[in-house]
Every structure is written in structure tokens, then in C-alpha cells.
Amino acid sequence: MKKFLTSLAVMLGVSVAALAQGYKVQGVVVDELGPVIGATVLEAGTSNGTSTGLDGEYVLTVKNANATVEFSCIGYANQTFKASEVPAVVRLSEDTNFLDEVVVIGYGSVRKTDMTGSVVSIKTDDVNRGAVTSPEQMLMGKVAGLLVTPASGQPGTGASIRIRGAASLNASNDPLIVIDGVPVTSDGGAGMGNPLASVNPNDIESYSVLKDASATAIYGSRASNGVIIITTKKGSGSGLKVNYSGSTSVKQNYQFFNVMNGKEFTDYITEHYPGSVSLLGYNGVNYDTNWQKEIYRTALQTDHNVSVYGGGKVPFRISGGYSLDQATQKVGDNQRLTLDTSLSPKFFDNHLSVNVNVKGIYNKTNWGANAIGSAIDFDPTKPLYFPEGSKIGDADASGVIWNWYGATGDPNTMAGVNPLSSLYEYTDINDTYRSIGNVQLDYKLFAVEGLRLNVNAGYDVARTAGYHHNTIGSRNAKASSPDVATQYANRNRNLLFEAYAAYDKEIGESHFDAMAGFSSQSNFVSYEHTDYLNKEPRWQKEDIYVDTITDKKQYVLKSFFGRANYSLKGKYMFTFTLREDGSSRFSPKNRWGLFPSAAFAWNLKNESFLKANDRISQLKFRLGWGRTGQQDLGGEYYPYLARYTFGTNPYMEYDMGDARYSTLGPQAYNPNLKWETTETWNAGLDFALDGERVTGSVEAYYRNTFDLLNRVSAPLGTNFSNYVLANVGNIVNKGIELNLNYNIIETRDMHWSIGGNATFQDIKITKLLQAGDESIYSVHTGASMGSNEGYSSVYKTGYAPFTYYMYKQLYLDGEPVYNGVIDTNDDGKINESDRYLTGKSPNPWLFYGLNTHFSYKNWDFSVNGHGSLGNYAINKVRKGYSTSFWTLDQTAKGNIRNFNKDYLYPDWTTNMETVQEYSDLWIENASFFKIDDINLGYTFNLDSKIAKTIRVAGSIQNVATFTKYSGLDPELTSGDGVDNNMFPRPRLYTIRLNINF
């Protein structure tokens, strides 16, 4: 008995000690190839965990033998064991759910592994950037083949978005934007910079970028430039959830034009133009005014959003947002209010799915005036305002903004304008109200398994109202002849109805699905324009007459479309699509366009020779072909139709007693217009290695756009204009796209990934007018260049659009000679025939994006950047301030102007002649790399009754630019590559807060 009790006591003691010390679990984690490094081993429901070492080994002490232990690693399926049952060797297998991620495409969705087209999907949760006020900022530098040129620093302006380059000369080059199934119009109002501005970035769940014809042809019309599909967030989960996200940014200009200050300008004029010294200063006082400092400010940008959402029987989400974006100029801002509502209930045992989306946007933009040019060249020796006791003619001018006036008090219209006059004496404000919404019903038939019917009714309506005028009595108003104030209103109504049937069937090792449908979209636009004109020498608000012109336009698209997919053994996948579009922009004989596509994908991973290779997680080859159309001609709604329009000039009117009648004028037209068509070939290879630790793709594409919609010269007497729209010419875009992402570290506490993409592109015009035509065409008129036309950029067969057409500069001892250009044809004369095609254009041969993301426990850090190579720009700012002809010319006109001292050639003192103005001296390499943003954040996991998580973050945007370009910014918003006083992009310092309640 004593022996038994002693043994029992020992056993109990050991058990108690074991209980106090916990239960030890140890072993090794492997996959088919060997040890898995960095796998997470975690006691479920706790933060107690560890990671596997270099040999896959781990040791973890859990609470007791009944604890649950989880094994996880990116790219692998999770495994769970009871602690006492954990095997010595845990084998992880590939996570097929990760590979089967669903991607939204046109009229449906598809598993990532089954895609045959070139589609890139981006989840907004994966985007960590600074203050994002417009959706395109999330895409910048993120997708190979997608070039996003950010908007200028002026609030309200839109970015330029190009997918695989520009394919049109005069038709739109913008991609089609589809928001929750509604293709939105670009005519949403003057206050909306682009269609993407019509959705709050905080409401976006994901983007799908469709690049090749096999992916875009289902949209047929307008899909030649690619498609961006936006899916907004919906209600989910259980219970009621509330989220707040907000940011506040300080904006500063960090670069300025290096013009002369007051003393430098005085010294220069005194030395070079002693006869003009009397024009310096005012009343014997030489001031030292920094005009750039006077027009700029430290601006504020703030954005706040609240969303309420939940699941249950009727999943819903309601969100509201407000943003304010001030200009760094002292006048100008953009304010936006958004409201987004979505409902997504299901009925009849989940056979009927209903999606209701309604978005409302109010946008108010105070455009202000661009005072940058006047701040550069206005005389720095002048005061801001006329000092006490000053006169303008016989009137007291004390405190009035200083400007060049004559002795009679009339402004000198040949002189530059005080930047403060540009800012404070001009008003340009508009308000835009826009709503986008739809109701979509998807019904799975009980009687026929796999068959469903889908109906989608949507709308996009907008109204913009605004006015602009000069302040009465201002220098600007006095100088205008006559003074004009303008009110305007633009209205847009875009209605959509679509219906299709889809069938999905599994037959043995084959999978087949097909769909066919009909679409109708009608767009109505009206413009109202009212001018208030003076009857007296100066406009008075109480003494006006009103002239209202209303222009109403409409176009309609009707379409039939279908798609069929077939997959055999998960290895071989085929896709066929066909869409026929009818556009009211073309005559009945050319109204309909047929746009087919076909694609094939070979999933090599599922072949026997690769199926057992666990180093290769995915390997798929894709090949596609297709045709897409283009009919978007901007404001040209009836280009094929003979028509008359009312004149818009109030002076081209006839006074018939008490009424005034505008004139009617015939418009140019071409009854033979037809669809512009783009034919695309695409080949791609998608791969993933080591359980998705390394992912990437390589693609090659060839796009031939023919029957270009272009403005061409009309022979005299054949039409009602010198130029008319016609189908002429071809453009070929070809390129290679590379994308690579690598998860360097993936553990429970630490993650580090890097990613990048690059696009090599070549764009050339292969035909204009007719084969063998060697003419050089103006990008402004579409006509063959004449000897007196001085355009910098031209169209020419064999060259990229907007290739620079210049004179070759002459140099002496390394310095440019003024008006010295080379006689390239050796005929002893300098004329138009000596200009040459430089081969340089704004189109880069390479553009790329880089990003890295690092997180450790609750900290996260990211950096994003993008750049380009091979693009050039004409530095028109440098050209305009490179000679002192301003002073020589303007002195005789009673005023003088400042210079940029970096560019001034002192011996260039005569008026710049045409040959010098169009010298290749002004072409500069505009290649660059930009660090777009640096972000640092911390997440507090509270899990309290009030707040679940709080994330605080800070960022710097527009951090640095590395370039040889001498201007302020090499990334130009103008498509022709001419830098002309672009509104500078500021640097932003941002604090962000996100709370999940």
C-alpha cells in the first residue's frame, strides 16, 4: 500500500509539473520537395506561435495536449491537428483555393486558372498608398501595359490612362470604364476630370484590367483601348459593422522656376538696355517681388469616409464621403461629396440574386486662373498694389493691384498681367451632380440545372452648371473687348439595358459554358450657353441682354453578343466571343460592326510531366486573337449626316426688332464613315513557383488599327469645311510586358515582398491616306504640312504619332548659334524643306513600375515608384525664356518682362525667328524615375466593444524625381509632349486613420 501511494504521488507530481509547463509539440514541416522554411505553427485562438527554421524544424509549447495546432504558409493549404496527434512530419500541399481566385471579366467572372485572355485583377486591400482621391492613383505603376500619367497639380483635372498605347489619331484613346456593370460615359460634365472620378476610391473592392482582344471583344464597341472593370464593396458577414477612414494632407510646391529677382533684373536691364531703366520699379522705387511666392500657398487636402455594412438576409452597404483638395495656387479647390448604397439579397433558396447599386456624386470645382505664366515673366521690380496716393488716369488707385496702365487710365493690352489679377479678378466655378446606378437580377432556373438568366438595367446621369467672368472694373475686364460673362449647363443622360442567358455544364472531364445576350445603351447630351454682353464700354450686370443657345445631341448603341468556353481535363481551354454593334454615329449602310475573338490556353501544370513537380505551382500558356471597334468621336455625334447648326458667336446675329436670331451654318460631313477597327494578337505565359512565393507573367502583343478615324484635308468646294472626318490610315502597336512578384519573407510575424512590371512598346503609323504617301501631316488639322505651318509634332508614315519635326541646331564651340540651323538639303536656303523628322516623340519605348511592402507584427511599410525611358519633350518654357527679345520687343511697347536666368542666352537679343523657335535645341530627354510614395503604418488590434482595429499611417507622396529633363516635371499631361507652364504637382505629407467598429 505504501509503495502504491508513493508511486501515485510521483505520478501526480509529474502530471502537475507537466500541466504547469504545458505540452510540447515538435517536429518538421515539409512539402514534396523537402523542408518548408518560414511556415507558421500557431496555437489556435492565441498569439502563441513560432516559425520553422532552415531545416523546417520547429518547437512549440502549447497549453495542453488537447490544444489545437495550426500549420500555415503562403501558397499552401492550412492543416490543423490536436496537439497530442501532431505527426512528427507535417506535409503541406498546394493551396488550390489560392490558385482558383475568381476574377471579374465582362458579363461574369472566371477562375484565375481558367482565364484565356490577358486580364489583371487588383484587390484594393493589396494597395498601400498615400492620400488617394481618384481611383487611377491606385493603378499607377501596378499593371504592365497600363500607363497612367497623373493629373497636373490643379484640382479637378484628370489623369491620362492608356492601355497598350494609343491606337487612334482623332477618336478616343481612353479605355472603357465599367462600374458595377454600367459602362460610364466620359461626357459626365466639365467638373469631372475623367469617368473614374465618378466613384469614391474608398468604395472600390477590386479592379480588373482587360488588355487583349480576347478579353475585351465581348464589349466590342469602345473596347479597342482596353477595359477597366470596377467592382465596389458590398455588404458581408454577420451583424452590423462600421468603418471610418480619413486622411489629412499638407501640399507644398517643392520646385520653382528660377527667374531673376528684383536686383538681378535691375542689373540686367541697366547693363543691356539702359534706355529702359525708366520702366523699372514704380515712382522711383525698385521693389523686389517674388511673384511665385505671392501666388502659391501651403494647401490642404482632406478626405473622410464612413461606411455601414452587414450581411444577413439582406446584405447591404451604405457609405458617405467628403473630400477637399485645395490648389497650391491661392485660388482654386475641388470639393466632392459621395454617397454609395448597395443591396445584394438572395431569394428562392438562393436561386434569385438581386444587386442594387446607387451612387451619388456632388462635385464643386473652383478652377481659378492659371497665373503661373504671369508669375514667371512679370517684372519683379513692381509692387503688389499701387501705393497710397497713386492714380490710374484721373482715378484714385490706392490699394489697386498694380498693372501696366497708360496715361489715360487704359490698360496696356500688350503687357503681361499682374499674377494677382489673374488670381483674384477672374472667377471660374462649376457644380456637377452625377448619379450612377443599376438593378441586376440573376436567376438560376429550377427546371434546367446550369441555366441562368441575367437582366441589368442601369443609368448614368449628370448635370454640370457653371460660370466664368472677369470682375467688373478689373484690369482684365477693362482690357477685354467687350467684357463677357458666361453661364453654361451641360446635361448627360446615359441609359442601359442588357439581358443575357448563360449555361454551365460539366460532362465527364469536360467543362462547357456559354452565354448570349443583347445590350442597348442610349446617350443624351444637351448644352446650354448664355453670354452676358455689354452695351456700354464696360459690362454692367444690370445692363445686359441674354443669348441662350441649346444644343441637344443623342447617340445609341445596340449590340448582340455571345461567348463560349470549353475546358478539357483542366488542361486545354478554348474561348470564343462574338459581338455585333450598331452605332447611330454611322450611316445605315455602315452602322453595324462585327467583332469576333478566339483564345486558347494550355495549363501545363496539369500535364503528367509537371503535375508532380511542386516547385512549379502554375504554368499556363495563352494565345489570343480578336477584333474590337471604335466609334467614340467625342462631341461628333452626327459626322455622317448633312446638318446645320446655330452659330455661337453673339456678334454673328441679326437684330429683328425685339428679337435676335443666330445664324445657321452648314457642317462638314462624310456619309461613308465606318467603324475604326483594331485587330490584336496576344501570346502570354503565366507562372507561379514555390507555392506562389514567386508569381509572374510574360506577354507579347501585336495590335493593328485600321480604318483610322482621322481628320483629313477636304478638296476645295467638296465639303463645308477645309477638313473632314474620314477612315484613313493604320497604326501598329506592338510590345512585350513583364510582371514579377516575389515574397521574400513570409512568416507569422514578418512579410516582405517586392514587385515590378515593365512594358516595352513600339508605336508606328504604317499608313496615312494612301500607300506610299510621303507627306507629313499636321496633328492639329490632319492636313499635309505647308511651308508656313510651325507645329512641333506631326504624323508621318513609319514614325510614332507626335514625332517632332524640327530644324537641326547649329553649334559653335559647343554653344548654340542664334537662328543658326543646318541647311540639311544643301540648297543654300533655310526653309521648310530643311526641317527633319527627329525620330523622337513623347512615346516611351519602356515604362515600368516598382513596389515593395514590408510588415512586422503590427507595423507595415511600403514604397511605390514608376518611370519611363525613351520619351522626349519640347521644353516650351525654356524656349520662351531663352532670349532677351522680350525686353527688346516690349520696351517699345511700354513694358518689360522677366527672364528665367537658367535659360537666358544674353547675346540672343532679337525676336526669335521661326527657324530658332522650331530648332531641335528645345527637345529634351524626358525619361524619369519617380518615387511616388513612402508609407508607414501601425495597426492596433483592440477587439473591444467600441473598436476592433485602429490603423494610423503616415505617408509622403511625390517624393523625388530622377531625370535629366531641365523643366519642372518630365511627366507631361499634354499628349503632344510640349511643356507649356504645366500646373506643378505638389509634394504631399499625409496622416491617415482607419477605424473598424
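Everything quoted here is computed from the prediction, not taken from an experiment.

Conventions adopted
- Residues numbered from 1 in each chain as written.
- Predicted model: local features only at pLDDT ≥ 70, side-chain atom pairs only at ≥ 80, totals over all residues.
- Heavy atoms only, no water.
- Helix = DSSP H or I, 4+ residues; strand = E, 2+ residues; numbered from the N terminus.
- Buried < 20%, exposed > 50% of the residue type's maximum accessible area, 1.4 Å probe, protein only.
- Contact = heavy atoms within 4.5 Å.
- Pairing = 2+ DSSP bridges.
- Salt bridge = Lys/Arg side-chain N within 4 Å of Asp/Glu carboxyl O.
- 1 Å grid on protein atoms, 1.4 Å probe; cavity = no way out; pocket = protein on both sides within 12 Å on 5 of 7 lines; lining within 4 Å.
- Points joined across faces, edges and corners; volume = space filled by probe spheres on them.
- Nonpolar A, V, L, I, M, F, W, Y, C, P; charged D, E, K, R; others polar.
- Phe/Tyr/Trp six-rings, centres within 6.5 Å; stacked < 30°, edge-to-face > 60°.
- Patch = residues over 30% accessible without salt bridge, like charges linked within 9 Å, V, L, I, M, F, W, Y side chains within 5 Å.
- Areas by Shrake-Rupley, 256 points an atom, 1.4 Å probe, with all protein chains shown as cover.
- Core = buried A, V, L, I, M, F, W, Y, C linked by side-chain atoms within 4.5 Å.
- pLDDT = per-residue confidence, 0-100.

When helices and strands are tallied, the protein chain shows 13 helices and 57 strands. Of all 997 residues assigned to the protein chain, the portion counted as buried reaches 52%. Taking the contacts inside the protein chain whose residues are at least 6 apart along the sequence as the reference set, 70% of them involve residues at least 24 apart.

Further remarks concern the pairing of strand β33 (residues 616-630). When you tally the buried positions in β33, you get 11 out of 15 residues, the bulk of the element. Examined bridge by bridge, strand β32 (residues 592-603) and β33 share seven bridges and lie antiparallel to one another. What sits directly across from A599, in β33, is G624. Inspection of the sheet shows β33 paired to strand β38 (residues 676-689) by 14 bridges, in the antiparallel sense.

A separate point is the pattern of salt bridges. Overall, the coordinates contain 32 salt bridges when judged by the stated rule. The partner of K674 in a salt bridge is D707, and the shortest N-O contact between them spans 3.8 Å. Placement of the pair is K674 in the loop between β37 (664-666) and β38 and D707 in the loop between β39 (694-706) and β40 (709-713), with a sequence separation of 33 residues. Note on D707: relative accessible area 21%, which makes it partly exposed. Each of R164, K211, R622, D686, E699 and E737 takes part in one network of salt bridges that share partners.

Right, let's get into empty space enclosed by the protein. For the coordinates displayed, the defined rule picks out eight cavities of 30 Å³ or more. Of the voids in this model, the largest cavity is the one considered here, and its volume is about 810 Å³. Elements represented by at least two residues in the lining of the largest cavity include exactly α3 (136-139), β20 (316-326), β21 (333-343), β54 (928-941) and β55 (949-963). The element contributing the most residues to the lining of the largest cavity is β54, with four residues. Taken together, the residues of the lining of the largest cavity break down into 13 nonpolar, 19 polar and 10 charged.

An order of β44-β45-β46-β49 is seen for the four strands of this open sheet, with the pairing classed as antiparallel. Edge positions in the open sheet fall to β44 (777-778) and β49 (836-837), since each of these has one partner strand only. Two elements, strand β46 (residues 803-806) and β49, share two bridges in a ladder whose sense is antiparallel. Considered in β49, the bridge of Y805 is made with L837.

This brings us to the environment of R91. Topologically, R91 is positioned in strand β8 (residues 89-91). Taking the C-alpha atoms as reference, R91 lies 6.0 Å from V29; in sequence the two are 62 residues apart. If we ignore the near neighbours within four places in the chain, the residues touching R91 are V30, D31 and Q79.

Right, let's talk about the packing of aromatic side chains for a bit. What the rule picks out here adds up to 35 aromatic pairs. Ring geometry for W291 and F378: centres 5.2 Å apart, planes at 90°, overall edge-to-face. Placement of W291 in helix α6 (residues 291-295) and of F378 in the loop between α7 (372-377) and β24 (391-392) is noted, with a sequence separation of 87 residues between them. When sorted by exposure, W291 lands in the same class as F378, which is buried. Centre to centre, the rings of W625 and W681 are 6.3 Å apart; their planes meet at 50°, and the pair counts as tilted. Separated by 56 residues along the polypeptide, W625 in strand β33 and W681 in strand β38 bring together distant segments of the chain. A relative accessible area of 22% means that W625 is categorised as partly exposed. The partly exposed category is assigned to W681, whose relative accessible area is 46%.

The next subject is a nonpolar patch on the surface. A contiguous nonpolar patch, built from F621, L623, L685, V698, I736, L738, F760, W845 and L869 and spanning about 700 Å² of accessible area, is present on the exposed surface. Put simply, the parts of the chain that give the nonpolar patch at least two residues each are β33 and β42 (730-746). Position of F760 among the secondary structure elements: in strand β43 (residues 750-767). Assessed through its relative accessible area of 33%, F760 is described here as partly exposed.

Proteins that are soluble and globular tend to have nonpolar side chains buried together. Counting 37 residues, the largest nonpolar core has F257, F265, Y268, I269, F386, W404 and I896 as its most contacted members. Residue assignment for this core shows that the elements contributing at least two residues are α5 (262-272), α6, α7 and α8 (419-424). Dropping the residues within four chain positions of it, I896 is found in contact with F265, I269, S276, L279, L280, D379, W404, T887, Q890 and T891. Core analysis: the second largest hydrophobic core is formed by 24 residues, I122, V132, V148 and I204 among them.

In this section: unusual backbone geometry. One non-glycine residue, D707, adopts positive backbone phi at about 55°. The residue N981 is not glycine, and still its phi comes out positive at about 55°. In this fold, N981 is placed in the loop between β56 (978-979) and β57 (987-996). Judged by relative accessible area, N981 falls into the buried class, the value being 17%.

Turning next to the sheet that holds strand β53 (residues 923-925). The three strands are arranged β53-β52-β56 in an open sheet whose pairing can be described as mixed. Edge strands, defined here as strands with exactly one partner in the open sheet, are β53 and β56. The sheet contact formed by strand β52 (residues 872-875) and β53 spans three bridges and is antiparallel. Pairing of Y872 across the sheet is with N925, part of β53.

We now examine the confidence of the model for the protein chain. Across the protein chain, the average pLDDT comes to 85, with 89% of residues at or above 70. Of all the helices and strands in the protein chain, helix α1 (residues 2-21) carries the lowest mean pLDDT, 42, while β53 carries the highest, 96. Counted against residues more than four places away or in other chains, residues 1-20, with its pLDDT under 50, gives zero contacts.

Another aspect to go through is the side chain of T381. Checked against the element boundaries, T381 lands in the loop between α7 and β24. Taking the relative accessible area as the measure of exposure, T381 reaches 0% and is therefore buried. With residues up to four places along the chain from it excluded, the contact list for T381 reads G262, F265, T266, L280, G281, Y282, V285, N286 and Y287.

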